[in-house]
Amino acid sequence: MAKKGDYFGLSYLVSVILAIIPVTSWICGFVTRFMEGKIVAGLIRLIFGFTIVWILDLIFMIVSKHILRLIPV
């Protein structure tokens, strides 16, 4: 069975591919945080998603299979 990635419960490979592309990483990142009920984290991703957050998301997705959690609460 394929391991689940962090974007919408998709497979890990699909999630990594989505994380590599900056636009899809930005969209999937803030939509995922909004779906989790983390409004402030979603807004931070919406505003700062094209900067260092994208690079950190990519690193975290490859290493830990989850996107960066800026506000874990």
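These numbers come from a predicted model, not from an experiment.

What to know about the packing of aromatic side chains
Across all of its chains, the model carries two aromatic pairs by this definition. Here phenylalanine 30 and phenylalanine 34 contribute two aromatic rings whose centre-to-centre distance is 6.1 Å and whose plane-to-plane angle is 85°, an arrangement assigned as edge-to-face. Separated by four residues within a single helix, phenylalanine 30 and phenylalanine 34 lie in helix α2 (residues 22–35), roughly one turn from each other. In this structure phenylalanine 34 comes out as partly exposed when scored by relative accessible area, which is 29%. In textbook terms, an aromatic cluster arises when at least three aromatic residues are bridged by ring pairs, as seen for Trp26, Phe30 and Phe34. The ring of tyrosine 12 has lysine 65 lying over it, and the distance from NZ or CZ to the ring centre is 4.9 Å.

Description of empty space enclosed by the protein
Under the criterion given, the structure shown has one cavity of 30 Å³ or more. In terms of lining residues, the largest cavity is bounded by Ser25, Trp26, Gly29, Phe30, Arg45, Gly49, Val53 and Asp57. Mapped by element, the contributors of at least two residues to the lining of the largest cavity are α2 and α4 (52–64). Ranked by residues supplied to the lining of the largest cavity, first place goes to α2 with four residues.

Looking at the pattern of salt bridges
Under the counting rule described, the total for this entry stands at two salt bridges. In this structure, glutamate 36 engages arginine 33 in a salt bridge whose closest nitrogen and oxygen atoms are separated by 2.5 Å. Two residues, arginine 45 and aspartate 57, come together in a salt bridge whose shortest N-O distance is 2.6 Å. Here arginine 45, found in helix α3 (residues 39–48), pairs with aspartate 57, found in helix α4; they are twelve residues apart in sequence, far enough to count as distant. With respect to burial, arginine 45 and aspartate 57 carry one shared label: buried.

Examining the nonpolar core
The biggest cluster of nonpolar side chains holds eight residues, and these are Tyr7, Val16, Leu18, Ala19, Cys28, Leu58, Met61 and Ile67. Among the secondary structure elements, those contributing two or more residues to this core are α1 (12–20) and α4. Ranked by the residues each element gives to this core, the list is headed by α1, at three residues. In contact with valine 16, other than residues within four places in its own chain, are Met61 and Ile62.

Considering the side chain of aspartate 57
Given the relative accessible area of 1%, aspartate 57 is considered buried. Those residues within four positions of aspartate 57 in sequence are excluded, and the remaining contacts are Tyr7, Ser25, Arg45, Ile67 and Leu68.

Cut-offs and rules
- Residues numbered from 1 in each chain as written.
- Predicted model: local features only at pLDDT ≥ 70, side-chain atom pairs only at ≥ 80, totals over all residues.
- Heavy atoms only, no water.
- Phe/Tyr/Trp six-rings, centres within 6.5 Å; stacked < 30°, edge-to-face > 60°.
- Helix = DSSP H or I, 4+ residues; strand = E, 2+ residues; numbered from the N terminus.
- Buried < 20%, exposed > 50% of the residue type's maximum accessible area, 1.4 Å probe, protein only.
- Lys NZ or Arg CZ within 6 Å of the ring centre and 35° of its normal.
- 1 Å grid on protein atoms, 1.4 Å probe; cavity = no way out; pocket = protein on both sides within 12 Å on 5 of 7 lines; lining within 4 Å.
- Points joined across faces, edges and corners; volume = space filled by probe spheres on them.
- Salt bridge = Lys/Arg side-chain N within 4 Å of Asp/Glu carboxyl O.
- Core = buried A, V, L, I, M, F, W, Y, C linked by side-chain atoms within 4.5 Å.
- Contact = heavy atoms within 4.5 Å.

So yeah, pure geometry; function would need other evidence.
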